[in-house]
Amino acid sequence: ELICKTNISMNDIRDIMEIELCEGLSYYRSLLCLAKKNNPYALYKLAQMEYLGEVTGHKNIEKCLNYLKQASLFNHPASLWMIAHLMLKGEISSEIDYQLVWEYLEKAINKGDTESRYLFATMCLSNDFQTILPDKVMRGMSYMEQAAMDKFQPAIDFYNNREFQ
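What counts as what
Residues numbered from 1 in each chain as written. Predicted model: local features only at pLDDT ≥ 70, side-chain atom pairs only at ≥ 80, totals over all residues. Heavy atoms only, no water. Salt bridge = Lys/Arg side-chain N within 4 Å of Asp/Glu carboxyl O. Helix = DSSP H or I, 4+ residues; strand = E, 2+ residues; numbered from the N terminus. Buried < 20%, exposed > 50% of the residue type's maximum accessible area, 1.4 Å probe, protein only. Expected span 1.5 Å × (residues − 1). Contact = heavy atoms within 4.5 Å.

Looking at the pattern of salt bridges
Item 1. Enumeration over the complete set of coordinates arrives at three salt bridges.
Item 2. Between Arg117 and Asp150 there is a salt bridge, and its shortest N-O distance comes to 2.8 Å. Of this pair, Arg117 sits in helix H7 (residues 114–125) while Asp150 sits in the loop between helix H8 (136–149) and helix H9 (153–163), and the two are 33 residues apart along the sequence.
Item 3. Owing to a relative accessible area of 12%, Arg117 belongs among the buried residues under this scheme.

Some points on helix H5 (residues 77–88)
Item 1. For H5, which comprises twelve residues, the first-to-last C-alpha distance of 17 Å matches the rise-based estimate of 16 Å (1.5 Å per residue) to within 8%.
Item 2. Across the twelve residues that make up H5, a large majority, ten, are buried.
Item 3. Packing partners of the buried residues in H5 comprise helix H3 (40–52), helix H4 (61–72), helix H6 (98–110) and H7.
Item 4. A positive backbone phi angle near 75 degrees is found at Gly90, which sits one or two residues after H5.

Looking at unusual backbone geometry
Item 1. Phi at Asn38 takes a positive value of approximately 60 degrees, unusual for a residue other than glycine.
Item 2. Inspection of the secondary structure assignment puts Asn38 in the loop between helix H2 (27–36) and H3.
Item 3. Overall, Asn38 belongs to the partly exposed group, its relative accessible area being 37%.
Item 4. Within the chain, Lys151 stands out as a residue other than glycine whose phi angle is a positive 65 degrees.
Item 5. Within the secondary structure layout, Lys151 lies in the loop between H8 and H9.
Item 6. Judged by relative accessible area, which is 67%, Lys151 ranks as exposed.

Put into structure tokens, the structure is as follows:
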């Protein structure tokens, strides 16, 4: 269902699954080949590897962000979420542009990404979006509920903890 809301093809999914199931030592090179063909899953995997420092032993935010931005052109929800997440952590810029964070999260949410719903909800409930969204608390609670209904454990924990307060 989620793929219907993106520009990602079934061939992209097949290609990434083939290398994940079949490749060993040449996994990284295979990802690079798929990334050159604009496979959003390969681009996202490469971004993760660069972020975790798995390629050179050191985190490379610039390369990570480049891969994420390429994948986001295909509305890859996890890439949209990760860009927003990196912005919030101050890993892209020391100043947080909450309007831009919201734009990335909104795209990911519209693609059905539960983790983005949860992040958005926590930001609304902590007043991070106070100047952008007038109905932030109501929207935050709505997205938190949706994330919990999607069985996203942190959202479930949020509701369980509220019952005891």
